[in-house]
Amino acid sequence: QGGEFAFVTFGLARSLGILDPATTRMLLTSVSLTMALTPFLDQVGEKFAKKLEEGADFTHYTGQDEEAIEITDDVDSGFVAVVGYGVVGKVVTDLLDKKFIPYVGMEKD
């Protein structure tokens, strides 16, 4: 997906003669379409993921399987520690947020 910065970049490239008008129009159209479609595709993806979760046994991944329940019954687990808040750390914390699991994030930088 492109963003608003692409409009500036492609406009500048066109004014400097790096891109021809047809290529600039195609690129700007592509950026506009991806920006317009992203919210819709996000909703469709979320609904599709919920259907997949309902139809398959994902209890292991959501911490609802027997082993996870046995572990959490024995130990008072107050929160999850997420070490590293890069791309993967963001995905992990988003999943924890969706499952209402408290966490603490740590990052070196």
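Bear in mind that the values here come from a model prediction, so they are computed numbers and not experimental data.

### Structural notes on the overall build of the protein chain
Thought 1: A count of helices and strands for the protein chain gives five helices and two strands.
Thought 2: Tracing the protein chain from N to C terminus, the helices and strands come up as α-α-α-α-β-α-β.
Thought 3: Per-residue burial over the protein chain gives 12% buried out of 109 residues.
Thought 4: Of all intrachain contacts in the protein chain linking residues separated by at least 6 positions in sequence, the fraction that spans at least 24 positions is 36%.

### Comments concerning the confidence of the model for the protein chain
Atom-level detail of predicted coordinates should not be read off regions where pLDDT is low.
Thought 1: Per-residue confidence for the protein chain gives a mean pLDDT of 82; residues scoring 70 or more make up 80%.
Thought 2: Looking over the protein chain, one finds the lowest element-wise mean pLDDT in helix α3 (residues 59-62), namely 60, and the highest in helix α1 (residues 4-15), namely 91.

### Notes on the pairing of strand β2 (residues 103-106)
Thought 1: The pairing of strand β1 (residues 80-83) with β2 spans four bridges and is classified as parallel. In the strand pairing of β2, A81 is matched with V104.
Thought 2: Regarding the hand of the β-α-β motif, the stretch spanning β1, helix α5 (residues 87-98) and β2 is right-handed.

### Quick word on the side chain of T24
Thought 1: Structurally, T24 can be placed in helix α2 (residues 21-55).
Thought 2: Its relative accessible area of 7% is what places T24 among the buried residues.
Thought 3: Apart from residues no more than four positions distant in its own chain, T24 is found in contact with F10, R14 and L19.

Conventions used here
Residues numbered from 1 in each chain as written. Predicted model: local features only at pLDDT ≥ 70, side-chain atom pairs only at ≥ 80, totals over all residues. Heavy atoms only, no water. Helix = DSSP H or I, 4+ residues; strand = E, 2+ residues; numbered from the N terminus. Buried < 20%, exposed > 50% of the residue type's maximum accessible area, 1.4 Å probe, protein only. Contact = heavy atoms within 4.5 Å. pLDDT = per-residue confidence, 0-100. Pairing = 2+ DSSP bridges. Right-handed = clockwise from strand over helix to strand, strands pointing away.

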